[in-house]
Amino acid sequence: MSELERLTARLAAVLPPDAVVTDPVRLRTYECDGLTHHRATPGVVVLPEAAEQVAAVVRLCGEHDVPFVARGSGTGLSGGALPRTDGVLIVTSRMRRILEIDIPNRRAVVEPGVTNLAITEAVRDRGYYYAPDPSSQQVCSIGGNVAENSGGAHCLKYGFTVNHVLAAEIVTPDGDIVELSAMDPGYDLLGAFIGSEGTLGIATKITVRLSRAPEAVTTLLAAFTGIEAGGRAVSAIIAAGVVPAAIEMMDALAIEAAEAAVHCRYPAGAGAVLVMELDGPHAEVEHQFAAVERICRDSGAFEIRVAASAEERAAIWRGRKSAFAAVGRISPAYIVQDGVVPRTALPRVLAGIDRLQEEYGIRVANVFHAGDGNLHPLVLFDDAVPGEAERAEAVSGRILDLCVEHGGSITGEHGVGVDKARYMPRMFTEDDLDTMQLVRCAFDPRGLANPGKVFPTPRLCGEVPGVRRGAHPLVEAGLAEQF
Amino acid sequence: MDARDALEATGVAVRAAGDGDEVAGARPRWVALPESAEEIAAVMRVCAAHDLAAVATGGGTKLHWGAPPSRCDVLVDLCCMNRVPEHTAGDLVVRAQAGVTVEALARTLAEGGQELALDVPVPGTTVGGLLATGIAGPRRFRHGTARDLLIGVTVVLADGTIAKSGGKVVKNVAGYDLGKLFTGSYGTLGIIADATFRLHPLPAARAWVTATVERPVTETVEPYVYEGKTLDTTSTDVAASLRAVIPAVTESPLEPSAVEVDWPDVESPCTVAVLVEGAAAAERAKALCALMGGGLSDAQVAEEPPPWWGRLPEPPVPDGPPGTGGAGGGEILLEVRNIPYRLAGSFVGPFMAAREAGVRAAVRGSLASHVFHVALPPDTEPGRVAAFTGELRAHMEADGEGRVVVLAAPPEAARRLDRWGRVGALPLMRRVKERFDPDRRLSPGRFLGGI
């Protein structure tokens, strides 16, 4: 009998009926998240309904030395929720109560399985919303958002999950239930926990900040003949001191795909479009709109559309929001990449991507959050053509190299997960990674929480790098153990 | 080689410590003045080899904050690390060495029409000191605090390891965010060598609206019961006035960037000031002025901030003009946080506690972010400081929401009180410290729980 089997036999005692999944067919429904080319059937799946149950499962994992992986809605794009065949997958989908809406204190307390959009829907009537808006917001869970530090199109102005979470109750890898609060003095463990991709524990209750809905929102679309002109407009807007809520850019290929998929009717002949949103007080938005419109025209926009209604706003966004799925209409398969470059490096990086397309004979559609330099190149390929998938994979990796060479990042919002762990050494030195590992070792010395994610083959927590050699004094004194 | 020789051998400038180098009353033996992360690392390696404890300092403006270090051999003075190696205006990002003062940084950034959108309330604070203490000012309501604007950091650990996290792009989720962990860590995890921040364009315009909460003069006869405690009507009327007006201001679609209050003494008038930034600031300020005029007196729009804006409160000076109290070793400064709904109560709390402890208090802070600073006169009797802290904490922490931290207090007073109050997750914090600084060589004992 394996440790996993011994553990599985004990799960029923700490969980409600029907909360333990061992049926192979059902287990397979959890074999991947949004990154579908990494698959692993979990050893066992549990569906806890309360923090105490999560804690009990995690404690059992500790007792049996079995790894565990947390999963929310499974929409992640980096394989962060990829299960372990030898481990437990803890799915938070039954923890979806909104526990408290507290308008006077501008906050809501929710369970981790609550969807991102559900929070906004619960407070919209009162004039509030939850600001981070990843494009999967209709289905993605807040617990997943916390794990990934999710952003969204509007994070240019409003920031990320970490800027909007006030407190989190977590189950530590030891199985303790601990409250991390921004109110508390001491280390900002909440800030360190958010974005740790499930490697420091599992959030079981999250207090989010609610934001006041802006008085005015203006959405506009500007069409350019080419991506260079669009890029010039973005730079000029930022230089003019305007911080739009969002500035999104799509290139000709992405526009073509969106047109085929959702008939978004972006202006014919556009080599690039910018989708921009300005929000805030009426008076401020009016000023900014005048500036943005002028800059776009000066930069060569041949058509500017302004949404006059909620429907028109949705129509402008439709093309952008559909872009990832839409490339399926023009290519049998594709890789969604997520890299970041300093905004001023955008033209050079885009030129570099063009060269890669020629070198490898692979098409790349570009969709990006232009305001913050977050690229989502869609690398298109035909998996029926021998060798093409490998070439696409190579282009995708080379794009990340371009991002790092220009001072950027290998991921802006999709996370490292299992997908990019091997790229971490391109961005960070061994010392950088070992130092991050200290945090991991503080929370999870045995490495049972989502192992194999984020870090490439991390040192064991006992292996102390650098100058220090020999046994730790506390170990010698019998006060601590190394694993 | 003895420790001094070993420090000298690193090539880093070293001098003997003097009176001005004390860390909360503890005098180090030497002061090292590194000029780069590599030099900090060299100093830390010597400290490791010779079992020396080190404390980092920048402008030295808050060295008397926190508990004295249990050991203090080397003061690592980062004043020579005062360069701004990278400011790409088009990227709205700056990288600054830890020893750059926020004022110098602001001047550099202003040349490019940009700013680090933080108001640092202690003049002379360096980038490193700002991060180590996590202190923030009025616009925390709009832009958050240092942790929200920090996007990358280079740190030197106790063993001399140089490590970085984050980078120079705003949007970046690769790896753990060590910057968050180091912000507010009081130098106990490592020494910050440089930091990269996201910037904001300087706003096109700024305008302030100020208004006064008048002291009622006619109704001071009857005692007033507020949240179970008997108060004088002065404070409760102030609370009631604020409660009636402030939520409408902070939640206004006119989007003020900050809402601050200054109450230098319970006997003095209480002033509210609201900052509006960006396009149409004057127009929006006018609308807010009308809103505030509904419940407060003398509401008016100004182009300049009131003189107290963005500074810590000056302690009341008994029998002297207010506003003349000084900082320094005798400083008694507390930070109070609470949730919005408790705003008025938490603001009045210090005066209730002051009355009960028989001290005088000045309060200043954010009515929008619910973080206030409280200053007591430097000569306040130690027992009364402790009594005041206890009363305030009882009031604030009663419902589990509020927090009171004693940022600075003279040693005699500090010995009688708990500086940090309620702390969650202390065991985890200790484990983090144990991993980063297993031999407790960095600012040992300066932080909460003896960390």
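These numbers were taken from a predicted model, which means no experiment stands behind them. (Residues numbered from 1 in each chain as written. Chains lettered and ligands numbered in written order. Predicted model: local features only at pLDDT ≥ 70, side-chain atom pairs only at ≥ 80, totals over all residues.)

1. A short note on the overall build of chain B
Then comes step 1: Per the secondary structure count, chain B includes 13 helices and 21 strands.
Then comes step 2: Compactness check: chain B gives a C-alpha radius of gyration of 23 Å against a globular reference of 22 Å for 451 residues, within 12% of the reference.
Then comes step 3: In terms of principal-axis extent, the alpha carbons of chain B reach across some 75 × 55 × 40 Å. (Helix = DSSP H or I, 4+ residues; strand = E, 2+ residues; numbered from the N terminus. Rg over C-alpha atoms; globule rule 2.2 N^0.38 Å.)

2. Here's the deal with the interface of chain A and chain B
Then comes step 1: With 73 residues of chain A at the interface, the matching set in chain B holds 68 residues.
Then comes step 2: Elements supplying a minimum of two residues to the side of chain A that touches chain B: β9 (177-181), α7 (189-193), α8 (227-239), α10 (282-298), α14 (424-427) and α15 (430-443) of chain A.
Then comes step 3: Broken down by element, the residue count for the side of chain A that touches chain B peaks at nine residues, all from α15(A).
Then comes step 4: Its residues placed into classes, the side of chain A that touches chain B shows 31 nonpolar, 28 polar and 14 charged. (Contact = placed C-beta atoms within 7 Å. Nonpolar A, V, L, I, M, F, W, Y, C, P; charged D, E, K, R; others polar.)

3. Examining the environment of A:S78
Then comes step 1: Summarising the element assignment, A:S78 is placed in the loop between β3 (68-71) and β4 (88-91).
Then comes step 2: Sequence-distant contacts of A:S78, that is, excluding residues within four places in its chain, are made with A:L35, A:T411, A:H414, A:G415, A:V416, A:G417, A:D419 and A:K420.

4. So, the packing of helix α9 (residues 252-262) of chain A against helix α11 (residues 310-326) of chain A
All names here are of chain A.
Then comes step 1: Contact geometry of α9 with α11 gives a least axis separation of 8 Å together with a crossing angle of 95°. The angle between α9 and α11 falls in the class roughly perpendicular. Across from A254, A257, A258, A260, A261 and V262 in α9, the residues of α11 making contact are R318, G319, S322, A323, A325 and A326.
Then comes step 2: Of the residues in the contact of α9 with α11, the class split is nine nonpolar, two polar and one charged. (Axes fitted to C-alpha atoms, helices over the stretch in contact; angles between N-to-C directions. Parallel < 35°, antiparallel > 145°, perpendicular 65-115°, else oblique.)

5. Focus: unusual backbone geometry
Residue and element names in this part refer to chain B.
Then comes step 1: Positive phi, close to 55°, is recorded for Y186, a residue that is not glycine.
Then comes step 2: With respect to the helices, strands and loops of the structure, Y186 is situated in the loop between α7 (178-182) and β10 (191-198).
Then comes step 3: At R440, a residue that is not glycine, the phi angle is positive and equals roughly 55°.
Then comes step 4: Along the chain, the position of R440 falls in the segment after α13 (426-436).

6. With respect to the domain arrangement of chain A
Residues and elements named next belong to chain A.
Then comes step 1: The assigned domain composition of chain A is domain 1 (3-91), domain 2 (98-212), domain 3 (216-357 + 367-378) and domain 4 (423-476).
Then comes step 2: Computed from C-alpha coordinates alone, the two centres of domain 1 and domain 4 are separated by 25 Å.
Then comes step 3: Taken residue by residue, the interface counts seven residues in domain 1 and five residues in domain 4.
Then comes step 4: Listing elements by their share of the side of domain 1 that touches domain 4, those giving two or more residues are α3 (51-64) and β3.
Then comes step 5: Per-element tally for the side of domain 1 that touches domain 4: the top contributor is β3, with three residues. (Domains from an automatic or database assignment.)

7. Focus on the domain arrangement of chain B
All names here are of chain B.
Then comes step 1: Here the domain parsing of chain B yields domain 1 (1-202 + 422-451) and domain 2 (206-414).
Then comes step 2: Here the C-alpha centroids of domain 1 and domain 2 sit 30 Å apart.
Then comes step 3: Of the residues assigned to the side of domain 1 that touches domain 2, the class counts are six nonpolar, three polar and five charged.

8. A short note on the nonpolar core
Considering soluble globular proteins, one finds that nonpolar side chains tend to be buried as a cluster.
Then comes step 1: Within the largest apolar cluster, 302 residues are counted, with the highest numbers of intra-cluster contacts made by A:V273, B:V43 and B:V76.
Then comes step 2: Element by element, the count of residues in this core is highest for helix α2 (residues 37-49) of chain B, at eight residues.
Then comes step 3: If we ignore the near neighbours within four places in the chain, the residues touching B:V43 are B:L7, B:T10, B:V12, B:A32, B:P34, B:V74 and B:V76. (Core = buried A, V, L, I, M, F, W, Y, C linked by C-beta atoms within 7 Å. Buried ≥ 20, exposed ≤ 12 C-beta atoms within 10 Å, placed from the backbone.)

9. Considerations on the sheet that holds β10(B)
Residue and element names in this part refer to chain B.
Then comes step 1: Taken together, the five strands give an open sheet; going across it, the order is β5-β6-β10-β8-β9, and neighbouring strands pair in antiparallel fashion. Looking along the sheet, the strands with just one partner apiece sit at the ends: β5 (86-88) and β9 (162-166). Averaged over neighbouring strand pairs, the angle between their axes works out to 15° when direction is ignored.
Then comes step 2: Sheet analysis places β5 next to strand β6 (residues 93-97), joined by three bridges and oriented antiparallel. By the bridge assignment, H87 is partnered in β6 with V94. (Pairing = 2+ DSSP bridges.)

10. Describing the UniProt feature "domain: FAD-binding PCMH-type" (unreviewed entry) in chain B
Then comes step 1: Those places that UniProt annotates as "domain: FAD-binding PCMH-type" (unreviewed entry) correspond, in this numbering, to residues 23-202 of chain B.
Then comes step 2: The span residues 23-202 of chain B carries 24% helix and 24% strand; its end-to-end C-alpha distance comes to 36 Å. (UniProt positions renumbered as here; feature names shortened; annotations may be inferred.)

11. Describing the UniProt feature "domain: FAD-binding PCMH-type" (unreviewed entry) in chain A
Then comes step 1: In the UniProt entry, the feature "domain: FAD-binding PCMH-type" (unreviewed entry) is given for residues 38-213 of chain A.
Then comes step 2: With 22% helix and 25% strand, the stretch residues 38-213 of chain A has end C-alpha atoms that lie 39 Å from each other.

12. Some remarks on the sheet that holds strand β16 (residues 270-277) of chain B
Residue and element names in this part refer to chain B.
Then comes step 1: Across the sheet, eight strands lie side by side as β17-β12-β16-β15-β19-β20-β18-β21; this open sheet has antiparallel pairing. Single-partner strands in this sheet number two, and they are β17 (297-302) and β21 (403-408). Shown here is a sheet whose adjacent strand axes are inclined to one another by a mean of 15°, direction ignored.
Then comes step 2: Of the pairings in the sheet, the one linking strand β15 (residues 258-263) to strand β19 (residues 362-366) comprises four bridges and is antiparallel in character. What sits directly across from V261, in β19, is G365.
Then comes step 3: In the packing of helix α9 (residues 281-293) onto the sheet, contacts are made with β12 (206-213), β16 and β17, and the angle to β12 comes to roughly 10°.
Then comes step 4: The sheet contacts of helix α11 (residues 382-396) involve β18 (332-337), β20 (371-376) and β21, and relative to β21 the element is tilted by about 155°.

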